[in-house]
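# Topology and contacts: notes
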Amino acid sequence: MDPEEKQLIGSILSDESEVQMYERKQTRKKSKLSLNAKEFQPILVQSNEKIEILGENHGYETLTYNSTNTQPQIINERQKEKKPSIKIYHDLKQLQFSPKKHQTMQPITPPQTFYFTFNSHPSLQEDNQVQLQLRQDDYQFRNCLDQICGNQNASRNLQKIFDNGTFLQRSLIFETIEKNLIKTSKDLFGNYLVQKIFLSGEKQWKLSLFHQFQGYCVELSKNQYASRVMNRMIEFLKFEDHNLQIEFMDEIKQHVRQLINDNNGCYVLLSCLENFDYKLCEYMKKHIEQSVYSMSQHTYGCRIIQFMLQKQYSQSLLDQIMDVSQQLCICEFGNYIIQFILKSNFKLQKMELFRIIKSNFQTLSYNKYGSNVVEVFLDVIEQEDIKFITNIMLNADLENNYLFVAFATHPFGNYVFKKFLQLDQQYIIPVLGIMKRHPEILQQINTSEYGQKIFSVVERSIQFI
């Protein structure tokens, strides 16, 4: 075969190989991927956590996938060729991989929740089955019990547990309080827990605390915080055996004088008067009569005196009050006793108080506490007394101004003048007429610091004349 023939045959063979190679490439290009192909191996990921992906060709990017999405996340097997490194910041809720080499898309089962139980405390076991959910509440509960005194947050948490907790938890709180009863009762925050027992605890618990308090009642009654506990205990004894009330009253009977002179002690005595039969408390009467003025110096003392006046007529007590009535009118708490008598049916005492108030009308009106007495006086006076007050208002002061202007612009007198304007208009027309005829007087009242507070009342009053 000559060289030309060989060259021709070689060119033909080379063309066929190129055709075959082209055909093979075309065939491979037209092939379709199936779910069983090696190139397609999906990996399902279900997580709410944050995943950091570091890929050679992807640079740095962060991917977050929501597990509640209906479309699962699919990572193609081809992406693995880029060899990304994955760092998971937190534990995934559930990560499921299929062991199959050729994996198809399959649903992922919902995550399961596991619970653990344990025995909380040997003393709390009931039928040897005391199971609580594993959480921090049990530790916090025990920690609060250790800080039952001196800790506000612990006290509040234990009060909530005592209201809403199990009987076993309530029992443990009671046992802890019982061991340190006196100290807890005197504590700024612990006393609320002792009160809780008397408010919503078991009856046997209340009786147990009552018997433990015996011998300490006077001491606790004079304590700022424990006196509240005593009040709760008295409210409990109100509906219990009468003999229990007698036991309590017998203990404090010999110390009434101490309690009367103590603000906290007066609070306990007042609670006895309001909750027990009055006959049990009648022995207090002579001590109260001898301490009218001193008791009038504090809140609960004056309330005891009012209670005694309301409960039973006592001429000796009224006499003691009238002896110091002028001082009581300007007393911070004693003025309430005078107001009570003015509103009552003690006719002789009311007449005497009318005389004292009319004689010292301006002085009392300018006093912080005396002005309260004068306001009540204006509510109960009769026609002749109204005329008398109107004449006082029309008098001239040191600056030759009408006295009612001084009342209207005074820090406390303006309340008295406001009450005066609410009286029957036919008796106060002289004062209203002057204000209507002299606009400068109205302007003077309106521009003052205290007069402007009652100026609207003044304007309404003069419109009807």
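Residues numbered from 1 in each chain as written. Predicted model: local features only at pLDDT ≥ 70, side-chain atom pairs only at ≥ 80, totals over all residues. Heavy atoms only, no water.

Helix and strand counts for the chain come out as 28 helices and 7 strands. Relative to its 465 residues, the chain shows a buried fraction of 40%. Within the structure as shown, the chain displays about 27900 Å² of accessible surface, and the carbon and sulfur contribution to it stands at 48%. (Helix = DSSP H or I, 4+ residues; strand = E, 2+ residues; numbered from the N terminus. Buried < 20%, exposed > 50% of the residue type's maximum accessible area, 1.4 Å probe, protein only. Areas by Shrake-Rupley, 256 points an atom, 1.4 Å probe, with all protein chains shown as cover.)

Below, the discussion takes up the packing of aromatic side chains. This structure, assessed with the given rule, holds 13 aromatic pairs. Summarising the aromatic geometry, the rings of Phe-198 and Phe-213 are spaced 6.3 Å apart at their centres and angled 20° between planes, so their arrangement reads as stacked. Placement of Phe-198 in helix α6 (residues 190-200) and of Phe-213 in helix α7 (residues 203-213) is noted, with a sequence separation of 15 residues between them. Pair check on accessibility: Phe-198 and Phe-213 agree, each one buried. Consider the rings of Phe-248 and Phe-276, whose centres lie 6.4 Å apart with planes at 80°: the pair is edge-to-face. Here Phe-276 lies in the loop between α12 (263-275) and α13 (278-281) and Phe-248 lies in helix α10 (residues 242-253), a separation of 28 residues in the sequence. For Phe-248, a relative accessible area of 1% puts it in the buried group. For Phe-276, a relative accessible area of 5% corresponds to the buried category. Site record: aromatic cluster; members linked through ring pairs are Phe-162, Phe-167, Phe-174 and Trp-205. One Lys or Arg, Arg-170, reaches over the ring of Phe-162 and ends 4.4 Å from the middle of that ring. Directly above the ring of Phe-388 sits Lys-358, whose terminal nitrogen or CZ lies 4.9 Å from the centroid. (Phe/Tyr/Trp six-rings, centres within 6.5 Å; stacked < 30°, edge-to-face > 60°. Lys NZ or Arg CZ within 6 Å of the ring centre and 35° of its normal.)

Bringing the nonpolar core into the picture now. What tends to happen in soluble globular proteins is that the nonpolar side chains get buried as a cluster. In this structure, Phe-213, Phe-248, Ile-252, Met-284, Phe-361, Phe-417 and Met-435 are the most contacted members of the largest nonpolar core, which totals 112 residues. Considering each element in turn, this core owes the most residues, 7 residues, to helix α9 (residues 226-237). When residues no more than four places from it in sequence are discounted, the contact partners of Met-284 are Met-249, Val-256, Leu-269, Cys-272 and Leu-273. (Core = buried A, V, L, I, M, F, W, Y, C linked by side-chain atoms within 4.5 Å. Contact = heavy atoms within 4.5 Å.)

What follows covers the packing of helix α19 (residues 335-343) against helix α20 (residues 347-359). The angle between the axes and the distance between the axes are what describe a pair of packed helices. In contact at an axis separation of 9 Å, α19 and α20 are set at 120° when each is read in the N-to-C sense. Our classification of the angle between α19 and α20 gives oblique. Crossing geometry of α19 relative to α20 is assigned as left-handed. Contact with α19, carried on its side by Ile-338, Ile-341 and Leu-342, involves Gln-349, Lys-350, Leu-353, Phe-354 and Ile-357 of α20 and no other residues of that element. (Axes fitted to C-alpha atoms, helices over the stretch in contact; angles between N-to-C directions. Parallel < 35°, antiparallel > 145°, perpendicular 65-115°, else oblique. Left-handed = near helix turned anticlockwise from the far one by under 90°.)

When charged atoms on two side chains of opposite charge get close, those side chains can pair. Tallied over the full model, the rule gives 9 salt bridges. The shortest N-O distance in the salt bridge between Glu-274 and Arg-303 comes to 3.9 Å. Placement of the pair is Glu-274 in helix α12 and Arg-303 in helix α16 (residues 299-311), with a sequence separation of 29 residues. According to the relative accessible area criterion, Glu-274 is partly exposed, its value standing at 44%. One salt bridge connects Arg-355 with Glu-352, and the closest N-O pair in it is separated by 2.6 Å. In this pair, Arg-355 and Glu-352 are both assigned in helix α20, 3 residues apart and thus about one turn of the helix distant. Assessed through its relative accessible area of 47%, Arg-355 is described here as partly exposed. When its relative accessible area of 31% is taken as the criterion, Glu-352 is described as partly exposed. (Salt bridge = Lys/Arg side-chain N within 4 Å of Asp/Glu carboxyl O.)

For α16, which comprises 13 residues, the first-to-last C-alpha distance of 19 Å matches the rise-based estimate of 18 Å (1.5 Å per residue) to within 8%. Among the residues of α16, Gly-301, Cys-302, Ile-304, Ile-305, Gln-306, Phe-307, Met-308 and Leu-309 are the ones counted as buried. (Expected span 1.5 Å × (residues − 1).)

Looking at the element boundaries, Ser-155 is found in helix α3 (residues 152-164). Beyond its immediate chain neighbours, meaning those up to four positions away, Ser-155 contacts Phe-189, Tyr-192 and Leu-193.

Glancing now at α6. Of all 11 residues in α6, 8 are buried; the element is thus mostly enclosed. Here the buried face of α6 lies against α3, α4 (167-179), α5 (181-186), α7 and α9.

Before going further, it helps to examine the packing of α16 against helix α17 (residues 315-323). Put simply, α16 and α17 touch, their axes get as near as 10 Å, and they point 140° apart. Judged on the interaxial angle alone, α17 and α16 are oblique. The two elements α16 and α17 meet at a crossing, and its hand is left-handed. Of the residues in α17, those in contact with Ile-305, Met-308 and Leu-309 of α16 are Leu-317, Leu-318 and Ile-321. Considering only residue class, the contact of α16 with α17 consists of 6 nonpolar, no polar and no charged. (Nonpolar A, V, L, I, M, F, W, Y, C, P; charged D, E, K, R; others polar.)

Taking the UniProt record as the reference, the feature "repeat: Pumilio" (unreviewed entry) is found at residues 176-211, 212-247, 287-323 and 355-391. End C-alpha atoms of residues 176-211 are separated by 17 Å, and the span's content is 83% helix alongside 0% strand. In residues 212-247, helix accounts for 69% and strand for 0%; the two terminal C-alpha atoms are 13 Å from one another. (UniProt positions renumbered as here; feature names shortened; annotations may be inferred.)

Moving on, we come to the environment of Leu-181. If you trace the backbone, Leu-181 turns up in helix α5. Considering only alpha carbons, one finds Leu-181 and Val-194, 13 residues apart in sequence, at a separation of 8.0 Å. In this structure Leu-181 touches Val-194, Leu-209, Gln-212 and Phe-213, once residues within four positions along its chain are discounted.

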